[in-house]
Amino acid sequence: MLTRGESRPALKSLRRPARRHLVLSASADLRRLVPVAFLLLLAVAVAAPGLLTSADPLAADPLNALAPPSGTRWFGTDHLGRDVLARVLHGARHSISIGVAATALAVTAGVLLGLAAGLAPKWLDEALARSLDVLSTLPELLLALLVVAIIGPGTGNVIFAIAIAQIPNYARVIRAQTFVVRHSGYVEQAVTFGRSRLAIIAGHVLPNVLGPIPVLATIGLGQAVIASSGLSFLGMGPQPPAAEWGAMLSEARNYLRVAWWEALFPGLAITLTVVCLTVVGRRLQRRFEGRTP
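Figured I'd write up the structure that's included with this text.

**Structural notes on the overall build of the chain**
Okay, so step 1: A tally of regular secondary structure across the chain gives 10 helices and zero strands.
Okay, so step 2: The linear arrangement of helices and strands in the chain, starting from the amino end, is α-α-α-α-α-α-α-α-α-α.
Okay, so step 3: Looking at the 293 residues of the chain, the share that counts as buried comes to 38%.
Okay, so step 4: Long-range pairs, those at least 24 residues apart, make up 69% of the contacts in the chain with a sequence separation of at least 6.
Okay, so step 5: When the accessible surface of the chain is summed, it comes to about 16,200 Å², and 67% of that surface belongs to carbon and sulfur atoms.

**A short note on the pattern of salt bridges**
Okay, so step 1: Scanning the model with the defined rule gives nine salt bridges in all.
Okay, so step 2: Arg73 is the partner of Asp61 in a salt bridge, and the nearest nitrogen-oxygen pair spans 3.8 Å. Taken together, the residues span a long stretch of sequence, with Asp61 in the loop between helix H1 (4–47) and helix H2 (84–119) and Arg73 in the loop between H1 and H2 at a distance of 12 residues.
Okay, so step 3: A residue is classified by how much of its surface remains accessible, and Asp61, at 23% relative accessible area, is partly exposed.
Okay, so step 4: For the salt bridge of Arg82 with Glu251, the shortest nitrogen-to-oxygen distance reads 3.2 Å. One end of the pair, Arg82, is in the loop between H1 and H2; the other, Glu251, is in helix H9 (residues 245–252), and 169 residues separate them in sequence. The residues Arg82 and Glu251 share a single accessibility class, namely buried.
Okay, so step 5: Each of Asp78, Arg82, Arg87 and Glu251 takes part in salt bridges that share partners, so that together they form one network.

**Things to note about the packing of H2 against helix H5 (residues 155–182)**
Okay, so step 1: At a closest axis distance of 5 Å, the pairing of H2 and H5 adopts a crossing angle of 35°. In terms of crossing hand, the pair formed by H2 and H5 is right-handed.
Okay, so step 2: Taken together, the residues of the contact of H2 with H5 break down into 22 nonpolar, seven polar and two charged.

**Looking at the packing of aromatic side chains**
Okay, so step 1: Within the structure shown, the criterion is met by two aromatic pairs.
Okay, so step 2: With centroids separated by 5.4 Å and ring planes inclined at 80°, the aromatic side chains of Trp260 and Trp261 adopt a geometry described as edge-to-face.
Okay, so step 3: Taking the ring centre of Phe233 as reference, the NZ or CZ of Arg253 above it sits at 5.1 Å.

**Quick notes on the nonpolar core**
Okay, so step 1: In this structure, Leu39, Leu42, Val88 and Trp245 are the most contacted members of the largest nonpolar core, which totals 22 residues.
Okay, so step 2: Element by element, the count of residues in this core is highest for helix H10 (residues 261–288), at eight residues.
Okay, so step 3: When sequence neighbours within four positions are dropped, the list of residues in contact with Leu42 reads Ala92, Ile96, Trp245 and Thr273.
Okay, so step 4: Ranked by size, the runner-up nonpolar core spans 17 residues in total, among them Leu115, Ile167, Tyr170 and Ile213.

**Considerations on a nonpolar patch on the surface**
Okay, so step 1: On the surface, a nonpolar cluster with roughly 630 Å² of combined accessible area is contributed by Leu105, Leu138, Leu142, Leu146, Ile150, Ile151 and Phe160.
Okay, so step 2: The greatest single-element share of the nonpolar patch, amounting to four residues, is contributed by helix H4 (residues 140–151).
Okay, so step 3: Inspection of the secondary structure puts Ile150 in helix H4.
Okay, so step 4: Owing to a relative accessible area of 66%, Ile150 belongs among the exposed residues under this scheme.

**Details of H2**
Okay, so step 1: Compared with the 52 Å implied by 1.5 Å per residue over 36 residues, the 51 Å span of H2 between its first and last C-alpha is a close match.
Okay, so step 2: Where H2 bends most, at Gly91, the angle is about 30°.
Okay, so step 3: Among the residues of H2, the N-terminal cap falls to Asp83, whose side-chain oxygen and the backbone nitrogen of Leu85 are separated by 3.1 Å.

The rules behind each value
Residues numbered from 1 in each chain as written. Predicted model: local features only at pLDDT ≥ 70, side-chain atom pairs only at ≥ 80, totals over all residues. Heavy atoms only, no water. Helix = DSSP H or I, 4+ residues; strand = E, 2+ residues; numbered from the N terminus. Buried < 20%, exposed > 50% of the residue type's maximum accessible area, 1.4 Å probe, protein only. Contact = heavy atoms within 4.5 Å. Areas by Shrake-Rupley, 256 points an atom, 1.4 Å probe, with all protein chains shown as cover. Salt bridge = Lys/Arg side-chain N within 4 Å of Asp/Glu carboxyl O. Axes fitted to C-alpha atoms, helices over the stretch in contact; angles between N-to-C directions. Left-handed = near helix turned anticlockwise from the far one by under 90°. Nonpolar A, V, L, I, M, F, W, Y, C, P; charged D, E, K, R; others polar. Phe/Tyr/Trp six-rings, centres within 6.5 Å; stacked < 30°, edge-to-face > 60°. Lys NZ or Arg CZ within 6 Å of the ring centre and 35° of its normal. Core = buried A, V, L, I, M, F, W, Y, C linked by side-chain atoms within 4.5 Å. Patch = residues over 30% accessible without salt bridge, like charges linked within 9 Å, V, L, I, M, F, W, Y side chains within 5 Å. Expected span 1.5 Å × (residues − 1). Bend = angle between axes of the 7 residues up to and from the residue. Polar contact = N/O pair within 3.5 Å; in protein donor to acceptor, adjacent residues only side chain to side chain.

Next up, the structure:
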């Protein structure tokens, strides 16, 4: 039995693990909420940037060019006197829209190719699989750059190029999933009951091979944002004066010594977007695989 003098240290020693557990739990909750909160803010910037800023991203003010961050202009101004905060918020629409469109196109084409490879005769499957392997050997940005160099610059061509570069990621996963599903018991039972091939694909194969796609698409969206910003930085995406993160970085590179903020904030926007999408995607992956998030 503890004496009166020993009771307080004993109680303190019992409280320490409880406090530590609460701190760790709060920290884990914060790590979960911050990426989601940032992505929600990004969604608002894409849908209605006017709710977050009233400044015109294209309005030039030469008298206030290269003004540092201040209470009135939180991110400062660029070399033409345009508000950097407004350009970053409005630029989210270009950068994210290109990434979403490219990812949607890549997912659609990848699912169709993966299903075709997984259900086709062996010779056709081998031909498609080898083609996908060849495309996978090239870095995505390099492959997208090659496609843009062939078909020309422009927002639509950038979307198409990024989609081409990402198709193998989805097609290979769908192909592997299709091989598993096509030999499952419920598919063989549907064949025995005389259901048509199209009905089996639409009702049994397709719904059961799409499980990993939301996870891959979330991570792939971040990669698409990097690729779109990289191509825009090289002058192949939306053209000035459009506010796009990669184009903003390209314009700011000549002013790094005198106006670091002009490049810092669009660079941070790209980095935080990709990091948050990756974190959310990895969390979805752990849940999909049955692991603790």
